[in-house]
Amino acid sequence: MSRESIHIREATPKDAKALNAYIRLIFETSEHLITSPEEFRQPPWKQRMWIARKNTNTNETCIIALKDDKIVGMLDNWTDRRKRVKHVTTFATSVHPDYRGQGIARKLLNEFIDLVRLHPTLEKIELHVHADNISAIGLYEKMGFLREGIRSRAIKYQDGRVVDDILMAIWPNEHKQD
Ligand SMILES: CC(C)(COP(=O)(O)OP(=O)(O)OC[C@H]1O[C@@H](n2cnc3c(N)ncnc32)[C@H](O)[C@@H]1OP(=O)(O)O)[C@@H](O)C(=O)NCCC(=O)NCCS
């Protein structure tokens, strides 16, 4: 599949139903997220409101990757409004299981880093990643994110495995990509 056939844009309320199905699939197929599939109970109407709020919040966004009009990736960020921390934003991203390893997450992240680089008040991007999420850590390291800390044994899987939560961050205006 050529990377050019992937279209990146901001989600709109019209995407709510498809986005809902996409998120459900991601929760059902990945344990590297905090939410378990049975905990995701967002109906499409609530998803619509959630997207509408992202669209009007100048510090937040929900970006989707589309292949032939099908949602194959997503990145959303959230930002605390309080003055002392409003220069920091946090994001989460995912790619449809059938479309991984094709540069889609990298494309979403590049788009997001560019948005933050040009943003009037956002300066720092943070993320949380499970210590056993090798592909995500590989992606973030390649994009220039640095490890800032560890929340020890913060994640417990249903089968009893316990893993650390790694905190990583990047300052887009100080970061030079190779
Ligand atoms: C993590 C995830 C978003 C990566 O998406 P993706 O589209 O497959 O990633 P890309 O194809 O853009 O990969 C970009 C870089 O990430 C790294 N990477 C991706 N998959 C990797 C793997 N299996 N092992 C090691 N590094 C990997 C590589 O550095 C890769 O660059 P390269 O292709 O030049 O080697 C995807 O696997 C996913 O959705 N996982 C489930 C949800 C999740 O874990 N989200 C992150 C929560 S923190």
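Every value quoted in this text rests on a predicted model; they were computed, and no experiment measured them.

Asker: Help me get a handle on the site of the ligand, residues and values and all.
Answerer: Around the ligand, the structure places 21 residues, and the nearest of them are T93, V95, G101, G103 and N133. One of the backbone N or O atoms of V95 is found 2.7 Å from an oxygen atom in the ligand. One of the backbone nitrogen or oxygen atoms of G101 is found 2.7 Å away from an oxygen atom of the ligand. Alone, the ligand offers 930 Å² of accessible surface; in the complex the protein occludes 77% of this. Among the elements of the structure, β4 (88–95), α3 (104–118), β5 (124–130) and α4 (134–142) are those that each provide at least two residues to the shell around the ligand. Looking at which element gives the most residues to the shell around the ligand, the answer is α4, with six residues. Residue composition of the shell around the ligand, by class: seven nonpolar, 11 polar and three charged.

Asker: An account of the pattern of salt bridges is requested, with residue identities and associated values reported.
Answerer: Under the definition given, this model contains 11 salt bridges. The shortest N-O distance in the salt bridge between K54 and E60 comes to 2.8 Å. Residue D132 is joined to R161 by a salt bridge in which the shortest nitrogen-to-oxygen separation is 4.0 Å. With D132 in the loop between β5 and α4 and R161 in the loop between β6 (146–156) and β7 (162–170), this residue pair connects regions lying 29 residues apart in the sequence. What makes D132 partly exposed here is its relative accessible area of 23%. By relative accessible area, R161 is classed as partly exposed at 35%. Salt bridges sharing common partners tie together E31, D132, D159 and R161.

Definitions and limits used
- Residues numbered from 1 in each chain as written.
- Predicted model: local features only at pLDDT ≥ 70, side-chain atom pairs only at ≥ 80, totals over all residues.
- Heavy atoms only, no water.
- Near = heavy atom within 4 Å.
- Polar contact = N/O pair within 3.5 Å; in protein donor to acceptor, adjacent residues only side chain to side chain.
- Areas by Shrake-Rupley, 256 points an atom, 1.4 Å probe, with all protein chains shown as cover.
- Helix = DSSP H or I, 4+ residues; strand = E, 2+ residues; numbered from the N terminus.
- Nonpolar A, V, L, I, M, F, W, Y, C, P; charged D, E, K, R; others polar.
- Salt bridge = Lys/Arg side-chain N within 4 Å of Asp/Glu carboxyl O.
- Buried < 20%, exposed > 50% of the residue type's maximum accessible area, 1.4 Å probe, protein only.

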